[in-house]
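Examination of the molecular architecture
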Number of protein chains: 2
Amino acid sequence: MGNMLIVHGGGPTAVMNSSLYGVIRAAKESGRVEHLYGAIGGTEAIFKENFVDLLAFSEEKLSLLLSTPASAIGSSRYPLEERDYKQMPEIFRKHRIEYVLLNGGNGTMDACGHIYRTCQEMGVKVLGIPKTIDNDIALTDHAPGYGSAARYIAATVHEIAQDVRALPIHVCVVEAMGRNAGWIAAASALARTQTDTAPDLIYLPERVFREEEFLRDVQNVYDRKGYVVVVASEGLADERGNSIVEPIYQTDRAVYYGDVSSHLAMLVIKKLGIKARSEKPGIAGRASIPWQSAVDREEAVHVGEFAVQSILAGENGKMVALVRKEALWYDIEYILVPVEQVMLFERKMPDEYINEKGNDVTDAFVKWCRPLTGEALPEFLNFRDYLDQK
Amino acid sequence: MGNMLIVHGGGPTAVMNSSLYGVIRAAKESGRVEHLYGAIGGTEAIFKENFVDLLAFSEEKLSLLLSTPASAIGSSRYPLEERDYKQMPEIFRKHRIEYVLLNGGNGTMDACGHIYRTCQEMGVKVLGIPKTIDNDIALTDHAPGYGSAARYIAATVHEIAQDVRALPIHVCVVEAMGRNAGWIAAASALARTQTDTAPDLIYLPERVFREEEFLRDVQNVYDRKGYVVVVASEGLADERGNSIVEPIYQTDRAVYYGDVSSHLAMLVIKKLGIKARSEKPGIAGRASIPWQSAVDREEAVHVGEFAVQSILAGENGKMVALVRKEALWYDIEYILVPVEQVMLFERKMPDEYINEKGNDVTDAFVKWCRPLTGEALPEFLNFRDYLDQK
C-alpha cells in the first residue's frame, strides 16, 4: 500500500471540492492507498509538509465537500522554480508518497509536467486533474468548474434583467470573469428567454473593443427596448491589446486597473447621457453553491475518481480530459492526454462561437454550452408581457 | 363589487412579488374585488392607464410570483407632483377603482399619503405595503425585502470567504447596498462561523469613515490571519458627510461616484502594499431567488394579504407594519400605522447595534437580524481547520 498526495493549484471553482470528493472516494474504494495526504495550501504546502490525511474523515463529513465552494485543502499561485522541483523527491520519499495528483488549470498542469519529469526515475507517478472557471485548458471539451461559473453568470443576469426591466435602470453593465478568454461572459447568453433578449450585448476579449461601436450598440438597443443589459468580460482590450481601462496604480510586480464594468457604465452616462450602473459579482461567481451546475458537479466527481483509478493502474504524466461523444444527447467520455501537450496552450473562444459584429455569441455556442450548465433556469412571471399583447 | 389597484414604487426586492401574490390571493378569497388592476410600470402607469387584471391568471401561473425577483408589474421612481395627484380621482372614477394599494419604501409611502388626502372626499381608500431592502422605513420592526437582502449578503460573504481563505487573495472588499443606512452591510456578520471570523471588518454609513483607522484595522487583521474580508457600505462618507469616493462625473441632475469597494481595495494596495481586490454584486443582491429568506417571503405574502383584508374592512391612510412580539422565539404581529407618520423618517442603525470602534456590529444586532434571514447558512468543510489543530 502506497501513499497518495493531492495538491490544488490556482483560483478555486464551485466544484473543485467535488473532484476532491471523487479522489477521496476512489482512493478509499481501491483499498490500495494507505494515506491520502491533502497538501494544505497548494504547492507551497509540499515544502512545508503541511499534510492532512483525508482518509481519516467520516463519509458524512466528506459529503460536505460537494456543497463547499473554493478549495477545502487550500490552493496557491506560488511560481515553482527548478530548485523547488528538486526538493520534491526527498519529501515524497520521506512520506512514502508514490502517487501525486495535481488539480488545477494551465499553470498547475505546467507544474504537473515538471514534477512528472523530476520524479520519473524514482517511480513516483504524477497525474493532472483539470479545473478552471475560464475554460481555457486545451485538449479537453471543457474543464470542471466552467459549467458552474457559466450557470452562475446566466442565472444572475437572468435575475438582474428582471430588476432592470422592472424599474428600469436603463443601462446595466455586468462584468464577467475571464481575462483572456470570453467563455464565462459568453455563457450569459443562456439567460435569454422567449420574452426578453437580455443580455442584449456581450463583449468578449477575443474581439477588439471599439468604443464608438459599443456606444452605437447600446443606443440602438435602448431606443428599441428602453433598457439594456450588457455583459462585458473583465479583459476587454483595444486594437493595440491594451486594457480599455487606464491603469490606476503600478507596483514592482503588477499593474492595477479599474473595473471594466464601471468604466463602460460611465461611458454610457458621459457620451450618451443615459443613466447607467454596473455590477461586478467577481469571485462570488466562482464560489456560488446555489448556482452550481449539477452536471458540472457530477463530472468533477468523476474526473477525480478517474484520475485515482488511472494513476493506480500505472498511468503517468497525463491529464484527465473530457471528450464530447458524437451523439444526439450530451454524453462525455473520460480519457487521458499527455500533460506536456496541455501546458502550452491557452484555449480561446473559436470564431464560430462569436457573431460577426463581435457583440454577441452564436447559436452554435449556446448549443455547445447549454448541457454544461445543468437544468433549465427558473421561469419568471412578468405581467408586462401580457400588457404588450393587449 | 369594487375594483382594486395595486402599484409598485421604487427599487425592487426579492420578495416584492410575494407581497403581490398575497394581494392577489386575498383579493380572490374576499369575493369582493371584481377587477384587481396591476399598474404596469409604477405610479406613471396610473396616468397612462396601463392596467392588467391580475385576477385573470391561473393559480399555477401566479405561484411563479413567489420565485420571481424584482416586480412583475414593474415599478418607477417617478416623482409625483401636485398636478399628478389631481388627475387621479378622475382616472379612479373611470375605472371604478375603490381601493388603492401602494407597495414601496419611504418615497412611495409619501405618495401614498398624498393620494390618501387627494382621494379622501371621493371615498377611495388607500393603503401602504412596506418594502425595502434598505430597512430604512420607520414604525416597523423591519420591512419585507430586507431579510432576503440580508441573507444574500451573509451567504455571499460566507462563500467568498471560503475562496479568499483558500487562495488566499489577502484582502477582499465586498460592497453592500444601502446608501444612507448600514442594515445590509451589517447583516454580513451572519456569515461568521465557529472557525472563521470573516467578514473581519464591517463599515457602515452611520459612522464617519476614517482612512487611517481603516488601514490600521486591515493591517491588524492581516498580520493575525493572513487574509482579510471587509464589507463596506456603498454610502461611506468622511466627517464632512462627503462620499469617500471622488465624484467621477456630474450631470444636471446627478453626481456619479466610483465604487467604494474598488476605492478601498486600491487604498490597501497603495498604502499598505498588500494585494487586494473588490467585489460589487450590486442589484444581484436584491434579485437573488436562491438566497431569498423563507421567513421574509412568508412575511411578504402575509403583509399583502393583511393589506387587502384591512382596506376591504374600511381602513384608510395607513401602512401595514410588523411588530416583533416580546417572546422567547421570533414572532410577528401585523398592525396598521398612519402612513403620514411613516413618510418623514429614514430609519438608521441605532447605536447599540454598532461596536465602539465603528468597524463592526454588536451581538445585539446579530440577535435582532438572525430570525429575518431564515434557516441557517450551509455548513462548509475546510481541512485547514484540522491542520491548525495538529
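Scope of this entry: the structure provided in the associated data block. Quick caveat, the model's predicted, so the values are computed rather than measured.

Now for the side chain of A:D53. Residues and elements named next belong to chain A. Within the fold, D53 resides in strand β3 (residues 51-53). Although buried, D53 forms no salt bridge, and the nearest oppositely charged side chain, K28, lies 9.2 Å from it. A polar contact is formed between the side chain of D53 and the side chain of H35, at a distance of 2.6 Å.

All right, on to the state of the cysteines then. Residues and elements named next belong to chain A. Scanning the model with the defined rule gives zero disulfides over all chains in all. With no disulfide partner, C112 has as its closest neighbouring cysteine sulfur the one in C119, 10 Å distant. We classify C112 as buried; its relative accessible area is 0%.

This part takes up the packing of aromatic side chains. Evaluated as defined, the whole model comprises 32 aromatic pairs over all chains. Both rings, one in B:F365 and one in B:W368, keep their centres 5.9 Å apart while their planes meet at 35°; by these two values the pair is tilted. Taken as a pair, B:F365 and B:W368 lie in helix α12 (residues 363-369) at a separation of three residues, close to a single helical turn. Like B:W368, B:F365 is buried. Among the aromatic residues, those joined into a ring-pair cluster are A:Y146, A:W183, A:Y353, A:F365 and A:W368.

End to end, helix α9 (residues 260-272) of chain B covers 17 Å across 13 residues, agreeing with the expected 18 Å (1.5 Å per residue, within 8%). Those residues of α9(B) that fall on the buried side of the exposure criterion are B:V260, B:S261, B:L264, B:A265, B:M266, B:L267, B:V268 and B:I269. Buried-residue contacts for α9(B) involve β9 (247-250) and β10 (255-257) of chain A together with β6 (171-176), α8 (211-225), β8 (228-233) and β11 (276-279) of chain B.

Residues and elements named next belong to chain B. Ordered in space as β7-β8-β6-β11, the four strands form an open sheet in which the pairing is parallel. Taken across any chain shown, the strands that pair with only one partner, and hence form the sheet edges, are β7 (201-203) and β11. Each adjacent strand pair in this sheet contributes to an overall mean axis angle of 20°, direction not counted. Packing of helix α6 (residues 146-166) onto the sheet brings it into contact with β6, β8 and β11, and relative to β6 it is tilted by some 165°.

For the rest of this paragraph, the subject is the pattern of salt bridges. All names here are of chain A. Following the criterion strictly, the structure yields 42 salt bridges over all chains and no others. Across the salt bridge formed by R207 and D351, the nearest N and O atoms sit 3.2 Å from each other. Of this pair, R207 sits in the loop between β7 (201-203) and α8 (211-225) while D351 sits in the loop between α11 (339-342) and α12 (363-369), and the two are 144 residues apart along the sequence. D351 sits in the exposed class, given a relative accessible area of 55%. Between K271 and E211 there is a salt bridge, and its shortest N-O distance comes to 2.9 Å. Placement of K271 in helix α9 (residues 260-272) and of E211 in helix α8 is noted, with a sequence separation of 60 residues between them. By relative accessible area, which is 29% here, E211 ends up partly exposed. Via salt bridges that share partners, D196, D200 and K225 belong to a single interconnected network.

The subject of this paragraph is the nonpolar core. The nonpolar side chains of a soluble globular protein tend to be buried with one another. Formed by 90 residues in total, the largest nonpolar core has its most connected members in A:Y146, A:M349, A:F365, B:Y146, B:M349 and B:F365. Setting aside its immediate chain neighbours within four residues, B:F365 contacts B:Y146, B:W183, B:A186, B:A187, B:M349 and B:Y353. By size, the runner-up hydrophobic cluster in this structure holds 38 residues, among which are B:A26, B:A307, B:I311 and B:V320.

Counting from both sides, the interface comprises 73 residues of chain A and, opposite them, 73 residues of chain B. Summing both partners gives a buried area of about 5,900 Å² for chain A against chain B, and 66% of it is carried by carbon and sulfur. In terms of surface lost to chain B, no three residues of chain A exceed A:L167, A:L381 and A:F383, which account for 13% of the buried area on that side. Remark: the boundary between chain A and chain B carries four salt bridges.

Where strands meet in a sheet, backbone hydrogen bonds hold them as pairs that are either parallel or antiparallel. Residue and element names in this part refer to chain A. Taken in spatial order, the seven strands make up an open sheet running β3-β2-β1-β4-β5-β12-β13, and their pairing is mixed. The sheet is open, and its two borders are formed by β3 and β13 (332-338), each paired with just one other strand. For this sheet, the mean angle separating the axes of adjacent strands, direction not counted, is 30°. Examined bridge by bridge, strand β2 (residues 33-39) and β3 share three bridges and lie antiparallel to one another. Across the sheet, G38 pairs through a bridge with V52, a residue of β3.

With that out of the way, let us pick up the packing of helix α4 (residues 82-94) of chain A against helix α5 (residues 106-119) of chain A. Residues and elements named next belong to chain A. Direction vectors running N to C along α4 and α5 enclose 55°, while the axes themselves pass 10 Å from each other. One way to sum up the angle between α4 and α5 is to call them oblique. Considering how the two elements wind past one another, α4 and α5 form a crossing that is right-handed. Across the interface between the two elements, E82, Y85, K86, M88, P89 and F92 of α4 pack against A111, H114, I115, T118 and C119 of α5.

Residues and elements named next belong to chain A. Summarising the sheet, strand β5 (residues 125-130) and strand β12 (residues 318-324) pair through two bridges and their orientation is parallel. Among the inter-strand pairings, G128 is bridged to a residue of β12, identified as M319. Pairing of β12 with β13 involves seven bridges; the strand directions are antiparallel. Across the sheet, L322 pairs through a bridge with Y334, a residue of β13.

Cut-offs used in this document
Each chain carries its own residue numbering, running from 1 in the written order of its sequence. Chain letters and ligand numbers both follow the written order, the letters beginning at A and the numbers at 1. Residues qualify for local features only when their pLDDT is at least 70, as the model is predicted, and side-chain atom pairs are given and counted only at 80 or more; totals for whole chains, interfaces and linings, by contrast, use all residues. As a convention, hydrogens and water are excluded, and side-chain values are obtained from all of the structure's heavy atoms. Secondary structure is summarised from DSSP: a helix means a run of H or I of at least four residues, a strand means a run of E of at least two, and numbering begins at the N terminus for each. Think of it in three bands: residues with accessible area under 20% of the maximum for their type are buried, residues over 50% are exposed, and the middle band is partly exposed, with areas taken using a 1.4 Å probe on protein chains only. Asp and Glu count as negative and Lys and Arg as positive, but His and the ends of the chain are not part of the count. A carboxyl oxygen of Asp or Glu within 4 Å of a side-chain nitrogen of Lys or Arg is what we treat as a salt bridge. Between N or O atoms, a polar contact is any pair within 3.5 Å; within protein, one atom must be a potential hydrogen donor and the other a potential acceptor, and residues adjacent in sequence are included only when both atoms are from side chains. Note on disulfides: each one is a pair of cysteine sulfur atoms within 2.5 Å. Working definition: rings of Phe, Tyr and Trp (its six-membered ring) pair if their centres are within 6.5 Å, and the pair is stacked with planes under 30 degrees apart, edge-to-face with planes over 60 apart, and tilted otherwise. Between the first and last residue of a helix there are one fewer steps than residues, each counted as 1.5 Å, and that sum is the expected span. Contacts are assigned to residue pairs with any non-hydrogen atoms lying within 4.5 Å of each other. Pairing between strands is defined by DSSP: at least two bridges between them are needed. Think of each axis as a best-fit line through the C-alpha atoms, taken over the contacting stretch in the case of a helix, with angles from 0 to 180 degrees between the N-to-C directions. Here the nonpolar core consists of buried residues drawn from Ala, Val, Leu, Ile, Met, Phe, Trp, Tyr and Cys, with membership extended through side-chain atoms lying within 4.5 Å. Joining two parts hides part of their accessible area as seen by a 1.4 Å probe, and the buried area is that hidden amount summed over both. Should an angle fall under 35 degrees it is taken as roughly parallel, and over 145 as roughly antiparallel, whereas 65 to 115 is taken as roughly perpendicular and any remaining angle as oblique. Handedness of each helix crossing follows the sense of rotation of the near helix against the far helix: counterclockwise by less than a right angle gives left-handed, clockwise gives right-handed.

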